[in-house]
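Listed below, chain by chain, are the residues.
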Amino acid sequence: MSTPTVSKVLNGRADVASSTRERVEELLHQYGYQRRRGNSAPSSPLLELVFHELESAWAMEVIRGVENVVREEGMSVVLSESSGRLSLGQSWLDGVLARRPTGVLLVLSGLDRAQQAQLTSRDIPFVVVDPAGDPGQDIPAVGTTNWNGGVAATRHLLDLGHRRIGMVAGPRRMMCSRARIDGYRAALETTGVAFDPALIREGSFHHESGYREGRELLRRKDRPTAIFTGNDLQALGLYEAARELGLRIPEDLSVVGFDDLPIARWVGPPLTTVRQPLTEMAEVAARMVIDLARGNEPSALRVDLATSLVERSSTARPG
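The structure displayed is predicted, hence computed values, not measured ones.

## As for the overall build of the chain
Helix and strand counts for the chain come out as 10 helices and 12 strands. The burial tally for the chain puts 52% of its 319 residues in the buried class. Within the structure as shown, the chain displays about 14200 Å² of accessible surface, and the carbon and sulfur contribution to it stands at 49%.

This is the structure in structure tokens:
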């Protein structure tokens, strides 16, 4: 195999056959190749920020946090999206290798072991933000206390006197969503309220699923008097469903969201929600990946920032 071919693979060039690329990567892994920054072309002053979806206020909070850090560091951000997929293709990775960023931040998305090895062999560090699945003990990741948030939201409704509490959750395949469901269930059971799986509906973290799944819950004869949604966007969809059915918030229905996006303060009534410190999570992840690029090992590979309940006007005692 020629030196120019190996060089093309190392530098993320696209003009290499996939079979040849796989063979080169296999050899690099077999011989433990890892390019050190001192022995390679300098990296670009860029942070690669990858979302599985960009079209939400949630993403804007993350971008704001990363921008806060790169501005201080005199760097720039490259944004990319995986079109809803939680895994990334080789074409994206080839672009990263060609750009030689200082580091990569993966929001909800993940890399398979082969892709991780390709970045590691080029000495490009990466950090996962709010991982959708278990990234592994050896992968740097920044998240939040989703289980605690689910407990706090549900306990707040229980303390108000609600016993029929529904939930419009996010996708069960996402670790953050499962943790919020588990927190909801734990709060019910520790209070002596039986968990009813019929009161949980699986959504997609989008407004439309909050409307659709919320409407299904509210049309039940034994409808819940309160609903906890897996995020604020689903709460807004639930607001719409309640209005269509002639239900008032909070007089007829209490609602708690999750995220505390700016819009939570502006809707009517202002939304009680669990604050997920998205901007701070992004700042911590950006500083972590920059530190890794400078050869500084973090004190912990997994960081979970605390959630907190923000009480506004969308919850009240059951009528």
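## Here we look at the confidence of the model for the chain
When pLDDT is averaged across the chain, the result is 87; 84% of the residues are at 70 or more. The low-confidence segment residues 1-13 (pLDDT under 50) makes 28 contacts with residues lying over four places distant or belonging to another chain. Per-residue pLDDT stays below 50 along residues 31-39; that stretch engages in 21 contacts with residues further than four places along the chain or on separate chains.

## Considerations on the side chain of Thr315
The topology assignment puts Thr315 in the segment after strand 12 (308-310). At 2.9 Å, the side chain of Thr315 and the side chain of His156 are in polar contact. At 3.3 Å, the side chain of Thr315 and the side chain of Thr272 are in polar contact. Each residue touching Thr315, except ones within four places of it in the same chain, is listed here: His156, Leu157, Leu160, Pro250, Ser254, Val255, Val256 and Thr272.

## Here we look at the sheet that holds strand 5 (residues 141-144)
Spatial ordering of the open sheet is given by 2-1-3-4-5-11, a layout of 6 strands whose pairing is parallel. Strands at the two margins of the open sheet, each flanked by one partner only, are strand 2 (76-81) and strand 11 (302-305). On average, each strand axis in the sheet is inclined to that of its neighbour by 20°, with strand direction left out of account. Bridge count for strand 1 (residues 44-51) against strand 2 is 6 bridges, and the pairing is parallel. By the bridge assignment, Leu49 is partnered in strand 2 with Leu79. Sitting on the sheet, helix 3 (residues 57-73) touches strand 1, strand 2 and strand 3 (101-107), and the angle it makes with strand 1 is about 165°.

## A short note on the packing of helix 3 against helix 10 (residues 278-293)
Across the interface, helix 3 lies against helix 10 with an axial gap of 7 Å and an inter-helix angle of 40°. Taken together, the axes of helix 3 and helix 10 are oblique relative to one another. The crossing of helix 3 and helix 10 is right-handed. Along its contact with helix 3, which presents Trp58, Glu61, Val62, Arg64, Gly65, Val66, Asn68, Val69, Glu72 and Glu73, the element helix 10 presents Leu278, Thr279, Ala282, Glu283, Ala286, Arg287 and Ile290. When the residues that make up the contact of helix 3 with helix 10 are grouped by side-chain class, the tally is 8 nonpolar, 3 polar and 6 charged.

## Quick word on the nonpolar core
Among the nonpolar cores identified, the biggest contains 68 residues, and Leu47 and Leu105 are the most heavily contacted of them. Among the elements that make up this core, the one with the highest residue count is helix 10 (9 residues). When residues of this core are assigned to domains, at least three fall in each of domain 2 (46-144 + 278-308) and domain 3 (146-276). What Leu105 contacts, discounting residues up to four positions off in sequence, is Leu47, Glu48, Leu49, Val50, Val66, Val127, Ala285, Ala286 and Val289. By size, the runner-up hydrophobic cluster in this structure holds 14 residues, among which are Leu93, Leu106, Ile139 and Ala141.

So, how was this worked out
Every chain is numbered on its own, with residues counted from 1 as its sequence reads. At least 70 in pLDDT is required for a residue's local features to be given in this predicted model, at least 80 for side-chain atom pairs to be given and counted, and no such filter applies to totals for whole chains, interfaces and linings, which use all residues. Derived side-chain values reflect all non-hydrogen atoms in the structure, with water molecules and hydrogen atoms excluded from consideration. The helix and strand labels rest on DSSP assignments: H or I over at least four residues marks a helix, E over at least two residues marks a strand, and numbering proceeds from the N terminus. Only protein chains enter the accessibility calculation, which uses a 1.4 Å probe; a residue whose area is less than 20% of its type maximum is buried, one above 50% is exposed, and one in between is partly exposed. Per-residue and other accessible areas were derived by the Shrake-Rupley procedure at a 1.4 Å probe size, with only the shown protein chains allowed to occlude residues. Each residue carries a pLDDT value, the predictor's own confidence for that position, ranging from 0 to 100. Whether two residues are in contact is decided by their heavy atoms: any pair within 4.5 Å suffices. Any pair of N or O atoms that falls within 3.5 Å is considered a polar contact. Within protein, one atom must be able to donate a hydrogen and the other to accept it, and sequence-neighbouring residues count only if both atoms are side-chain atoms. What makes two strands pair is DSSP finding at least two bridges between them. The axes used here are C-alpha line fits, helices contributing only the stretch in contact, and every angle between their N-to-C directions lies in the interval 0 to 180 degrees. By the definition adopted for this analysis, an angle is roughly parallel if under 35 degrees, roughly antiparallel if over 145, roughly perpendicular if from 65 to 115, and oblique otherwise. Each crossing is labelled by how the near helix is turned from the far one, with a counterclockwise turn of less than a right angle marking it left-handed and a clockwise turn marking it right-handed. Three classes are used: nonpolar for Ala, Val, Leu, Ile, Met, Phe, Trp, Tyr, Cys and Pro, charged for Asp, Glu, Lys and Arg, and polar for all others, with Gly counted as polar. Only buried residues count toward a nonpolar core, which is a set of Ala, Val, Leu, Ile, Met, Phe, Trp, Tyr and Cys residues joined through side-chain atoms within 4.5 Å. Where each domain begins and ends is defined by an automated method or by a domain database.

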